[in-house]
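# Fold and contact review
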Amino acid sequence: MTASHPVIRKMTTTFKLCAMASAIVSAGLISSQALAATPAGTLVIGKAADPQTLDPAITIDNNDWTVTYPAYQRLIRYKVVGGKGTTQVEGDLASGWTSSADGLTWEFKLKKGQKFDDGSAVTADAVKYSFERMLKAGQGPSEAFPSDMKVDVSSPDTVKFTLTKPYSPFLYTLANNGASIVNPAVVEKQGTAYLAKATAGSGPFRLVSWQKGQSLILEPNPYYAGTKPSLKQVVVKIIGDASSRRLQLENGDLDVAEDLPEDQLASISKKPGVTVAAFPSLRVTYLYLNNKKGPMSDVNMRRAISYATDYSGIIKGVLKGNAKQMRGAIPEGMWGFDPKAMQYSLNLAKAKQLIDGSTGKGATLNFVYSSKDPNWEPIAISTQATLGALGVKVKLENLANATMRERVGKGDYDIAIGNWSPDFADPYMFMNYWFDSEKEGLPGNRSYYNNPTVDKLVRQAASLTDQKERTKLYQQAQKIVINEAGYVYLFQKNYQVGLRANVKGFAFNPMLESVFNIDTMVKR
Amino acid sequence: MAFLRMIKKRLLGLLLVVLGVSFITFAISHLIPGDPARLIAGDKASEEIVQNIREQLGLNQPLYIQYGTYLKGLATGDLGTSIRTTRPVLEDLKAFFPATLELSLVALLFASALGIPLGVISAVYKDKPIDQVVRTLAVTGISTPAFWLGLGVIVVFYGKLGLLPGGGRIDEGLTPPAAMTGFYLIDTLLQGDKAAFVSALKHILLPAFTLGFVHLGVVARQIRSAMLEQLQEDYIRTAKANGTSKWGVILHHALPNALIPSVTVIGLALGDLLYGAVLTETVFAWPGMGAYVVNSIQALDFPAVMGFAVVVSFAYVIVNLIVDMLYMLIDPRISEVS
Amino acid sequence: MNAMTEQTLPTAPDIQPAAASGLGYFFYKVKKSPLTVAGLFIILFMLAMMLFAPWLATHDPNAIDLMYRLLPPSAEHWFGTDEVGRDIYSRIIFGSRQSISVGLFVVAVSGVIGALIGCFSGVVGGRTDRVIMRLMDVMLSVPSLVLTMALAAALGASLFNAMLAIAVVRIPYYVRLARGQALGIREMGYVKAARTFGASRWHIVSWHVIRNALPPLIVQATLDIGGTILMAAALGFIGLGAQQPTAEWGAMVATGRNYVLDQWWYSGFPGLAILITATGFNLFGDGIRDILDPKQKGK
């Protein structure tokens, strides 16, 4: 082989040119410093993950609702009073409703002039179509409704729901994302899978583009019958890394940043032009204790764990004070909350005594968690440390979230951790889900708690309509489950979101985390 | 005709690879404990609803039937439907693959543009201080955890200095170019949108640097050793004796010949870059396949994971093939040997 | 992970058996190469850290204190504290045990298994050889990080399972290398001679082939240790490595990522530890490759 080959010579020259070009271009870029604020009239929301599906009949993920909730309307919505979200409801598509005395039939009258984003009218037929489509899909959202519920059109602007047995939370479930009314004409024309990637509703906004993994753009629905939104455009930007989200908020590339860890929020609140909005929420964090098998089936062992938990250390240290210790299962802010319910507190001596008197003495416990919530690991480590000091070995297992659910669903754990937030404003979401032995496993009773007395009390409470009577029954049941330490009731956490200071009018609703009221929010 | 024979043989091999890769990923995805239907249904769903979803997705069928169905689809170019996003996997990958490829190519360009000169200098000044510096740099490159370097450059260049954007592919105010090649840098140029091009370029610099830094070491090391070999050859001495200047000999004779064996290494590096992009993408919010596949694994979305594996291994084999073809074009002796 | 794949096959050392000509010469060359010596020193330093961790650490690496979280570096906590108030310096010292032993374990397991399969395949030849090599091609084509992630997820997150997953993924590289050596050696005069003298196939494998294929395998293994440490760190980074409270560098970088803007030291120091360790093994591996590579020897 002697001199160089022509192809190679060409390649070398190309490489040289490229190197030169890139050097010049990058030099030019570095000198031009330009990090602009977001355009006026456009609200940019930074989220951790891309929505998965936008079909209201399928999604059970709040992360998807950021887009779907403002794109659709429902019969009912949560009232906003004085700029604050409440757990009371009012009509959205419905102008009013009546129900029979036995609570089995409900009739809703539709407001006049409500239109989908293609200009067609929202009719009673569309309501019937949407509910039947959702029930027929038989996916997550249908869980909130009785499967034998019947929907009928009594007149072009009246729909009737018929239930077979009384279900007291029914009215509230109509404000769920799953109860969104979709445009039947679009679904029929484009196929049912179309709604996974597009919106076809009558809400104040509609989706105009979706760059997968990157951004979604919403613009006002020109046919929306309610008050015209002040925002001209809403961009949902997907930024997986929390630190990047925070930096973009600080630099003005984002107007709203979701899902920021506690420690980051603490530093952000000191930066100019940024505020951290905190709202009391109904989201609770608690430990599941396996009541069915293993050492945790002994009530003394469960009480011991409840006494060996460093509540104030966790709340002050890990959560920087942005949380409140729970009093039993029903959180503060939900009707039925009992301000006098008993609270456990860190008491190592008592815990030691309980452990010595229990069958679980000397056992090694496993504690399963995942990285889904960054606070779980520090809590797990703290539990491990306090129990370790009492001679109880705890083996931590950080699992993939799906695997963790599988283990919990099979009852294959001793201690596990979870978050819970209600889908509708009713203590049913806590008492019936957590303690009814019929809901054992993942659906709700993840501790496998089983007590016939409690079963009877919560089931009775679910069949009544009188709130006072129901409160009494739930509080009675709650006393038992606290005493028997069915779970470790850790804390309810504030919902916090980082906002640019010129963003106003955000009304948080505890049932609708990750949903922004972009129809009434403004940017000054 | 060795050329055609090689291509034929490779394409047959490709079939085998796709079959093998899909089987391995299918098998492993089903070993992961967890139930994708439960993930879709949500925590609170009853067993009845979960069962219903299982049926809808065909997850209640025996595994061999599920795999058979998958292969049947694959034969017609259908990668199945993602459990997580409910969209066709092919559609999802089409949306993400160009971003990953663009990032990998720019990273490769960066690695070559710096790695080749460094390798040459290092070889020419073998054992001199500058050689030690370059070699240390090269080794540091391959020893750096890319996710860690990525975090560092974001903090410095975006957070502290505010020079470059901290994530994404293009500025928010700008509309992404209509997809022609799917590469923003090329599409914006084709459409003559200068502002969008500059924005896209700014966005790709940090992730490409992070990803390319590791391969800078690979390239520099390879070029160095190939150059050392060439500089020993007789023709170099002959050229020197003929009065060609030192750098003339190096750049016009030694380097081109040293590049021949290096093409394979650099080509294979592209395959590695495609894989390696996974973690870099998650750090930089780069909307490529990396974040998609990580999420898919966590959601037990095995059609998506298999689709990713099949597409990437396919690309890997094709890249290899192209590299070998280049190799044969450049150096005809090889076709005779094989 | 990009770092693990840098030693793709073409860079695999091409070493003739005759290259290993005496330990004395080897050490002489090592001493003459400052980078190799530096690499060796780093390795020795890290091994010392592993062995003497309990004496080097200033705190109990697992002792938590929720009231003293995320403190900056100080005289009390040299590298600051983490999100549950543990001493980061002590955790890095103890973390060396996990991170470095992963490298050694994976390379040992995948190297031995890969070498055996490769030699076997090369010596036996024929259809068996073709089947084995096709299988290896397939394994090489599966995106390695995805394969490792999926394997680790399937086996359950633990350091041991992460090591197994990485080892499985690394095997094909050694198979190819060893097979190539075996093919070359098989054709050499003395092996042919041994065969004509009636030595059995297995004798040939166990004695001539393995012995002669060893030097290049050792070089490859040394170069691989650095890559493996990075790979393990990458798995730790996505939560598939060592479990709490055990300290592991990759997992520390990952957790520290949440705090990188205010507490850069949290992910900064463990990341630096990974970088230095991997650099040490790579420098040393590079050095001995140069020494054992005959093409460079005469220069």
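The rules behind each value
- Residues numbered from 1 in each chain as written.
- Chains lettered and ligands numbered in written order.
- Predicted model: local features only at pLDDT ≥ 70, side-chain atom pairs only at ≥ 80, totals over all residues.
- Heavy atoms only, no water.
- Helix = DSSP H or I, 4+ residues; strand = E, 2+ residues; numbered from the N terminus.
- Buried < 20%, exposed > 50% of the residue type's maximum accessible area, 1.4 Å probe, protein only.
- Contact = heavy atoms within 4.5 Å.
- Areas by Shrake-Rupley, 256 points an atom, 1.4 Å probe, with all protein chains shown as cover.
- Lys, Arg positive; Asp, Glu negative; His and termini not counted.
- Charge placed at Lys NZ, Arg CZ, Asp CG, Glu CD.
- Buried area = accessible area lost by both parts, 1.4 Å probe.
- Salt bridge = Lys/Arg side-chain N within 4 Å of Asp/Glu carboxyl O.
- Polar contact = N/O pair within 3.5 Å; in protein donor to acceptor, adjacent residues only side chain to side chain.
- Nonpolar A, V, L, I, M, F, W, Y, C, P; charged D, E, K, R; others polar.
- Core = buried A, V, L, I, M, F, W, Y, C linked by side-chain atoms within 4.5 Å.
- Phe/Tyr/Trp six-rings, centres within 6.5 Å; stacked < 30°, edge-to-face > 60°.
- Axes fitted to C-alpha atoms, helices over the stretch in contact; angles between N-to-C directions.
- Parallel < 35°, antiparallel > 145°, perpendicular 65-115°, else oblique.
- Left-handed = near helix turned anticlockwise from the far one by under 90°.
- pLDDT = per-residue confidence, 0-100.
- Patch = residues over 30% accessible without salt bridge, like charges linked within 9 Å, V, L, I, M, F, W, Y side chains within 5 Å.
- Pairing = 2+ DSSP bridges.

This part covers the overall build of chain C. When helices and strands are counted, chain C shows 12 helices and zero strands. Reading the secondary structure of chain C in the N-to-C direction produces α-α-α-α-α-α-α-α-α-α-α-α. Taking all 299 residues of chain C together, 62% fall into the buried category. For chain C, the share of sequence-separated contacts (at least 6 apart) that also reach a separation of at least 24 residues comes to 75%. When the accessible surface of chain C is summed, it comes to about 11,100 Å², and 68% of that surface belongs to carbon and sulfur atoms.

A separate point is the overall build of chain B. What chain B contains, in helices and strands, is 14 helices and zero strands. For chain B, the sequential pattern of α-helices and β-strands runs α-α-α-α-α-α-α-α-α-α-α-α-α-α. By its C-alpha atoms, chain B is 85 × 55 × 40 Å across when sized along the principal axes. Taken across its 338 residues, chain B has 60% of its residues classed as buried. Taking the intrachain contacts of chain B between residues at least 6 apart in sequence as the baseline, contacts between residues at least 24 apart amount to 74%. Total accessible area on chain B stands at roughly 13,000 Å², and carbon and sulfur atoms take up 67% of it. Between the mean site of the 24 positive side-chain charges and the mean site of the 24 negative ones, chain B shows a separation of 8 Å.

This part takes up the side chain of Ser267(C). Position of Ser267(C) relative to the elements: it lies in helix 11 (residues 264–292). Leave out the neighbours within four places in its chain, and Ser267(C) touches Trp148(B), Val253(C), Gly256(C), Arg257(C) and Val260(C).

Here we take up unusual backbone geometry. Residue and element names in this part refer to chain A. In this structure, Lys 320 takes a positive phi of about 50 degrees despite not being glycine. With respect to the helices, strands and loops of the structure, Lys 320 is situated in the loop between helix 9 (311–318) and strand 13 (323–325). Taking the relative accessible area as the measure of exposure, Lys 320 reaches 41% and is therefore partly exposed.

Chain A puts 63 residues into the contact, and the matching count from chain B is 64 residues. Of the roughly 5,400 Å² buried between chain A and chain B, counting both surfaces, carbon and sulfur atoms make up 61%. At the junction of chain A and chain B, the tally comes to zero salt bridges. Counting the contacts that link chain A with chain B gives seven residue pairs in polar contact (both at pLDDT 80 or more). The element best represented in the side of chain A that touches chain B is helix 1 (residues 6–31) of chain A, accounting for 12 residues. Residue composition of the side of chain A that touches chain B, grouped by class: 29 nonpolar, 23 polar and 11 charged.

The next thing to look at is the interface of chain C and chain A. Counting from both sides, the interface comprises 20 residues of chain C and, opposite them, 25 residues of chain A. Buried area between chain C and chain A, summed over both chains or domains, comes out near 1,800 Å², and the portion from carbon and sulfur atoms is 56%. When the buried area of chain C at its contact with chain A is split by residue, Leu66(C), Gln244(C) and Leu261(C) rank highest and sum to 28% of it. Counting the contacts that link chain C with chain A gives two salt bridges. If you look at where chain C meets chain A, you find five residue pairs in polar contact (both at pLDDT 80 or more). The class makeup of the residues in the side of chain C that touches chain A is 10 nonpolar, five polar and five charged.

Okay, the nonpolar core next. Within the largest apolar cluster, 141 residues are counted, with the highest numbers of intra-cluster contacts made by Phe147(B), Ile92(C) and Trp249(C). For this core, the element with the most residues is helix 9 (residues 201–237) of chain C, which contributes 15 residues. Excluding its chain neighbours within four sequence positions, the residues that come into contact with Phe147(B) are Leu279(B), Val283(B), Ala233(C), Ala234(C), Phe237(C) and Val253(C). Listed in part, the 118 residues of the second largest apolar core include Val89(A), Phe116(A), Leu289(A) and Ala329(A).

As a further point, take the packing of aromatic side chains. All names here are of chain A. Under the criterion given, the structure shown has 42 aromatic pairs over all chains. Between Tyr 307 and Tyr 344, the aromatic rings sit 5.0 Å apart at their centres with planes inclined by 75 degrees, giving edge-to-face as the arrangement. Placement of the pair is Tyr 307 in helix 8 (residues 299–307) and Tyr 344 in the loop between strand 13 and helix 10 (348–356), with a sequence separation of 37 residues. There is no split in this pair, since Tyr 307 and Tyr 344 are both buried. Considering the side-chain rings of Tyr 428 and Tyr 433, the 5.8 Å spacing of their centres and the 90 degrees angle between planes classify their relative orientation as edge-to-face. Among the residues examined, Tyr 428 registers a relative accessible area of 12% and is labelled buried.

What follows covers the packing of helix 2 (residues 34–51) of chain C against helix 11 of chain C. Residues and elements named next belong to chain C. At their nearest, the axes of helix 2 and helix 11 sit 7 Å apart, and the two run at 135 degrees to each other. One element, helix 2, and the other, helix 11, form an angle in the oblique class. Regarding helix 2 and helix 11, the two cross each other, and that crossing is left-handed. Where helix 2 abuts helix 11, its residues Leu 35, Thr 36, Gly 39, Leu 40, Ile 42, Ile 43 and Met 46 lie against Ala 273, Ile 276, Thr 277, Gly 280, Phe 281, Leu 283, Phe 284, Gly 287 and Ile 288.

All right, on to the side chain of Glu513(A) then. Summarising the element assignment, Glu513(A) is placed in the loop between strand 18 (503–504) and strand 19 (522–523). Aside from chain neighbours lying at most four places away, what touches Glu513(A) is Asn62(A), Ser281(A), Arg283(A), Ser421(A), Tyr495(A) and Phe508(A).

Before going further, it helps to examine the confidence of the model for chain C. Residue and element names in this part refer to chain C. Here chain C averages 79 in pLDDT, while 83% of its residues score no lower than 70. Mean pLDDT per element in chain C: helix 12 (residues 294–297) is the minimum at 46, and helix 3 (residues 53–56) is the maximum at 92. Confidence over residues 1–20 falls short of pLDDT 50; this stretch has 72 contacts with residues more than four positions distant or in other chains.

All right, on to the pattern of salt bridges then. Side chains bearing opposite charge may pair, as long as their charged atoms lie close to each other. Counted according to the given criterion, the structure contains 37 salt bridges over all chains. With its nearest N and O atoms 3.0 Å apart, the salt bridge here joins Arg283(A) to Glu513(A). Linking Arg283(A) in strand 12 (residues 274–289) with Glu513(A) in the loop between strand 18 and strand 19, this pair joins segments that are 230 residues apart in sequence. On the basis of relative accessible area, Arg283(A) is assigned to the partly exposed category, the value being 26%. One salt bridge connects Glu397(A) with Lys395(A), and the closest N-O pair in it is separated by 3.8 Å. Through salt bridges that share partners, Arg246(A), Glu250(A), Lys271(A) and Asp262(C) make up one connected network.

Residue and element names in this part refer to chain C. A contiguous nonpolar patch, built from Leu 40, Leu 44, Leu 47 and Leu 104 and spanning about 290 Å² of accessible area, is present on the exposed surface. No other element matches the three residues that helix 2 contributes to the nonpolar patch. Using a relative accessible area of 47% as the deciding quantity, one classes Leu 44 as partly exposed.

What follows covers the sheet that holds strand 4 (residues 94–99) of chain A. Residues and elements named next belong to chain A. Spatial ordering of the open sheet is given by 4-5-7-6, a layout of four strands whose pairing is antiparallel. Looking at the sheet topology across the chains shown, the edges are occupied by strand 4 and strand 6 (150–155). Taking each pair of neighbouring strands and ignoring which way they run, the sheet shows an average axis angle of 20 degrees. Two strands pair when backbone bridges link them, and strand 6 and strand 7 (residues 158–162) are joined in this way by five bridges, in the antiparallel orientation. The residue bridging Asp 152 from the neighbouring strand is Lys 160, located in strand 7. Running at roughly 175 degrees to strand 6, helix 3 (residues 124–137) makes contact with strand 5 (105–110), strand 6 and strand 7 of the sheet.

This brings us to the pairing of strand 4 of chain A. Residues and elements named next belong to chain A. The pairing of strand 4 with strand 5 spans five bridges and is antiparallel. When the bridges of strand 5 are listed, Thr 98 appears paired with Glu 107. The turn linking strand 4 back onto strand 5 is made up of five residues, and Gly 103 within it adopts a positive phi angle of 70 degrees.

Take helix 13 (residues 428–435) of chain A next. Residue and element names in this part refer to chain A. Counting buried positions over the eight residues of helix 13 gives eight, a clear majority of the element. Among the residues of helix 13, Tyr 428, Met 429, Phe 430, Met 431, Asn 432, Tyr 433, Trp 434 and Phe 435 are the ones counted as buried. Among the structural elements, strand 12, strand 16 (415–420), helix 14 (452–463), helix 15 (467–483) and strand 17 (487–500) are those in contact with the buried residues of helix 13.

The next point concerns the environment of Ile76(A). All names here are of chain A. In this structure, Ile 76 sits in strand 2 (residues 76–81). Sequence separation between Ile 76 and Thr 173 is 97 residues; the distance between their C-alpha atoms is 8.8 Å. Apart from the residues lying within four places of it in its own chain, the contact partners of Ile 76 are Val 89, Glu 90, Gly 91, Asp 92, Trp 97, Phe 108, Leu 171, Leu 174 and Ala 175.

Residue and element names in this part refer to chain B. Mapped onto the elements of the fold, Ala 107 is located in helix 5 (residues 89–124). Since its relative accessible area comes to 0%, Ala 107 is described here as buried. C-alpha separation for the pair Ala 107 and Arg 54, spaced 53 residues apart in sequence, amounts to 42 Å. In this structure Ala 107 touches Ala 208, Leu 211, Gly 212 and Leu 273, once residues within four positions along its chain are discounted.

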